[in-house]
Amino acid sequence: MNYEPVIGLEVHVELNTRSKMFCRCSADYFGKEPNTHTCPVCLGLPGALPYINEQAIEDCMKIGLALNCKISEKSLFERKNYFYPDLAKGYQISQYRWPLCINGKLKIENGQWIRINRAHQEEDTGKLTHVDGATLIDFNRSGVPLVEIVTEPDFHDVEAVRDYSKKLQQVFRYLGVSNADMERGDMRLEANVSVRPEGTTDLPSYRVELKNINSFRFMVAAIEYEIKRQIEALEKGEKILQETRGWDAEQKSTYIQRSKEEAHDYRYFPEPDLPQLTVNSKQLTEITEEIPELPWDKAKRFVADLGLTEAQAKILTQSKELADFFEIVVEHGKKHAVLAKDAANFIVNKKPDINSMLPTQIIEEIKGKNVGKIEDEAELKSLAEQAIQADLKTVEDYKAGKLTAIQALIGGVMKLSAGKADVSKLKPILEKILKEKP
Amino acid sequence: MNNITSLTLTETLEALKRKDFSEEELNKAYLEGIEKFNPKLNAFLEVRKNKSGIPAAIKDAIITRGIKTTAGSKILSNFIPPYNATVIENLLEQGVSVLGKTNCDEFTMGSSGENSAYGVTKNPWDLNKVPGGSSSGSVAAVAADLCTFALGTDTGGSIRQPASLCGVVGLKPSYGRVSRYGAIAMASSFDQIGPITKSVDDARLVLEWISGGDNYDSNCRKEKFKIKSLAGTNIKGLKVGVPKEYFGKGLDSGVEKVIQAAIKKLEELGAEVVEVALLHTEYGVAAYYILGPSEISSNYARFDGIRYGGTRNNFGSEVKRRIMLGTYSLSTGYYDDYYAKAAKVRTLIRGDFEKAFEKCDVIVGPVSPTTAWDLGAKTDNPLAMYLSDVYTIVANLAGIPGLSVPCGFSEGLPVGLQILGKQWDEQTILKVGYAYEQATEWYKEKPKL
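What counts and what doesn't
- Residues numbered from 1 in each chain as written.
- Chains lettered and ligands numbered in written order.
- Predicted model: local features only at pLDDT ≥ 70, side-chain atom pairs only at ≥ 80, totals over all residues.
- Pairing = 2+ DSSP bridges.
- Helix = DSSP H or I, 4+ residues; strand = E, 2+ residues; numbered from the N terminus.
- Contact = placed C-beta atoms within 7 Å.
- Nonpolar A, V, L, I, M, F, W, Y, C, P; charged D, E, K, R; others polar.
- UniProt positions renumbered as here; feature names shortened; annotations may be inferred.
- Domains from an automatic or database assignment.
- Axes fitted to C-alpha atoms, helices over the stretch in contact; angles between N-to-C directions.

Chemist: Give me the lowdown on the sheet that holds strand β5 (residues 91-94) of chain A, citing residues and values where you can.
Modeler: Pairing is antiparallel across the open sheet formed by three strands, whose spatial order is β5-β4-β15 (chain A). Two strands lie at the open edges of the sheet, namely β5 and β15 (269-270) of chain A, each paired on one side alone.

Chemist: Which residues make up the interface of chain B and chain A, and what are the values?
Modeler: Taken together, the contact pairs 29 residues of chain B with 24 residues of chain A. Among the elements of the structure, α8 (284-299) and α9 (317-330) of chain B are those that each provide at least two residues to the side of chain B that touches chain A. For the side of chain B that touches chain A, the element with the most residues is α8 of chain B, which contributes three residues. Looking at the side of chain B that touches chain A residue by residue, the class counts come to 13 nonpolar, 11 polar and five charged.

Chemist: Break down the UniProt feature "domain: Amidase" (unreviewed entry) in chain B for me, with residues and values.
Modeler: Cross-referencing UniProt, the feature "domain: Amidase" (unreviewed entry) maps to residues 52-430 of chain B in the present numbering. Helix makes up 33% of residues 52-430 of chain B and strand 16%. Its end C-alpha atoms lie 30 Å apart.

Chemist: Can you break down the domain arrangement of chain A residue by residue, with the values?
Modeler: Many authors give the size of an interface as the accessible area that is lost as the parts come together. All names here are of chain A. Per the domain assignment, the segments making up chain A are domain 1 (3-288) and domain 2 (291-436). Using only C-alpha atoms to locate each centre, domain 1 and domain 2 end up separated by 34 Å. Taken together, the contacts link 11 residues of domain 1 with eight residues of domain 2. Broken down by secondary-structure element, the contributors of at least two residues to the side of domain 1 that touches domain 2 are α1 (54-66) and α2 (158-175). Ranked by residue count, the leading element in the side of domain 1 that touches domain 2 is α2, at five residues. The class makeup of the residues in the side of domain 1 that touches domain 2 is five nonpolar, two polar and four charged.

Chemist: Before we move on, can you summarise the environment of Asp154 of chain B with the specific residues and values?
Modeler: All names here are of chain B. Inspection of the secondary structure puts Asp154 in strand β4 (residues 149-154). Considered as a pair, Asp154 and Ser135 are 19 residues apart in the sequence and their alpha carbons are 7.9 Å apart. Ignoring any residue separated from it by four or fewer positions in sequence, one finds Asp154 in contact with Ile159, Arg160, Lys172, Gln192, Gly194 and Asn396.

Chemist: Describe the sheet that holds strand β8 (residues 272-276) of chain B, naming the residues involved and giving the relevant values.
Modeler: All names here are of chain B. What the 11 strands build is an open sheet, ordered β1-β3-β2-β4-β6-β5-β10-β11-β9-β7-β8; its pairing is mixed. Two strands bound the open sheet, and with one partner strand each, they are β1 (44-47) and β8. Along the sheet, successive strands turn relative to each other by an average axial angle of 30 degrees, direction set aside. Inspection of the sheet shows strand β5 (residues 169-172) paired to strand β10 (residues 402-410) by three bridges, in the antiparallel sense. Within β10, the position partnered with Leu171 by the bridge is Leu403. Where helix α13 (residues 426-440) meets the sheet, its contacts fall on β9 (362-366), β10 and β11 (413-421), and the angle it forms with β11 comes to roughly 145 degrees.

Here is the structure:
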């Protein structure tokens, strides 16, 4: 008999907000000295209470909107109760019956729409490290905002899972709500896998949850292994049990982590420390307006307006930085009779390093001649000042320690100068201005 | 001049302004009192030998930075918090100092003070009687003039009931009036911090000091409570509702007599007495003992034996009982029949009050069905203990404010009159309490220790 896999995905993404979900601690915990980003709230000390980080809620809504979800006018936080040493309060504040974003969908490469059940807001736990038989707890991550995105069981092959996951990652980065780095744990995947005889449409009576898998590659391998394992078991007439399994990268196999009998009863109930979350239409409009052009819309526009091929458009919209760079080149190229198509060809084929190369240099290389570069310090300084004035939020981010924010300001200067500013001279000038700024 | 320690808070502030005595003398007087009487009462668990500040007694369930905070539990026997509750910060700003931390039922779960891991607090009016609970030590300290005022917490009556049993003023503010940040949570949707004082005007002042939002408690209202002094208050024409549900089976006849006399007094003062119905009162205790323990079972998960030292075996039996009750009520298959149903009852009780307040400005009745009982009398019967909160619990279910004002004695023991108000309307219940207090002066009666 032939079998069809039925797969649903749960994706957790850590938001890159400045402070944590329910307290004022810095959420930028990665690589920091353990237990230095903590306070009574995220340590779960007696008497401490959660206080909602509005930025996180807005980011969650942005994710929901980008995934075509309906934003609930009223939603509710609930407590998910379970014991684990990294869970300071003995419960996680999450959403369950009344999530913030519901009923979304995302189109993947094969043309299929993946239905999204929900995108809800919750908080991360602390982190355990096992050293020489001892277990150490670091609460720096405790309370960092997380958004969980749950699909319906709409995937029937591994390629679709990979594609969807990559698309999500792209969306998070376009929205600027997360670095979505799998290795750092910014983005975590869980898959619910089962198989059914081909041609049937009922959901299988069991599902195997694959958890704690920290890369796309391992997730794909684990799902492939699991599909094979389940088909073999069914062929032998065995009953597959509902359970949670992990991935053993050495053995290249999944292994049981928890059986159904050991499953938690989370005893969800409405979080009494927090009021109902309400979103009014004004807020919703404001947040909708903040959503940037998403990669698939950008790609469509590149094809329709600039005459690119779909393949070119897809490559050029992989990251927002690359797409922005390309558009500056196109804008600048107009003055030098360089067609968008030529610019696209060049970037797609030559793959220039956009962090070190200037848009003008691209034009120069295409045209084979010098088209002018701004190297004058006073002129660069004036452009830098303008870019800073136009983007004070990025300046704030930079001041708060997000040093990569400077890239956005460089981008700003590039736009102002039609790509002619000399980055190697510009960067120290920007740094100096930012340093002197109060 | 009167004995310094018998002065109310507002009188003390005036005397300090007049330089009748210094803050150092004030603190010394209270410390002497504590030294003399605390061994008899066991009201304080921890005493600070301050030389300045207005000395206040703080229930040990409220977090104080650098000062051991046990909440009456063995589990926190050595917990020295790294932060202050918002109410403490607010009081410090007003020149108040923490005179000491007061005994309470473990994690505020109890109605007699007998559930503390640090021994029972005695009622200053009769050392063989319970002081009520759970703010036992705070109330005993105010009654025995061992502090200018105290803070308590009230989840189902823990300020009002002991205030009634010890003959002092106790105010449970509206839910959301005072920040709960730093009050060790019992049941988060019920808890409120409130003043325990020697007079109604003192309660007004302390509420003004501690109220207002702090951006730490999401359920707390931003604005401070602020009204002019209560002097000259007139309650003519005010409508006082009397619910017949508060005068049924279980109410001690001696207490009933005192309460009826108090209602008569209010009428003499010009108030109009109207009958109101609070139909779902009899379900209040049942709903409370589902919803409260549900929240408790979650709130107390943090004491998981990994931090704070000691295992969960260190919980006393009442805490364990409520954790078990709540865990059960929230479990899959039971949630709808218990938690969800109790939540519906809560809505009905809120509705009762909304309807009743269409007919009246305040509701009055007894705080407690009896006066203080003998130590040990109910310790083997948790249900009897729970029922002693039948008149106070409903206010916490509805989130409305309630005041207990001394209104006389039954067989030598104090009785408190409960005055309930609309949500956010502490002003009117304080007015009624003040008018009654000034007309009767029961608050001037002091226990003989």
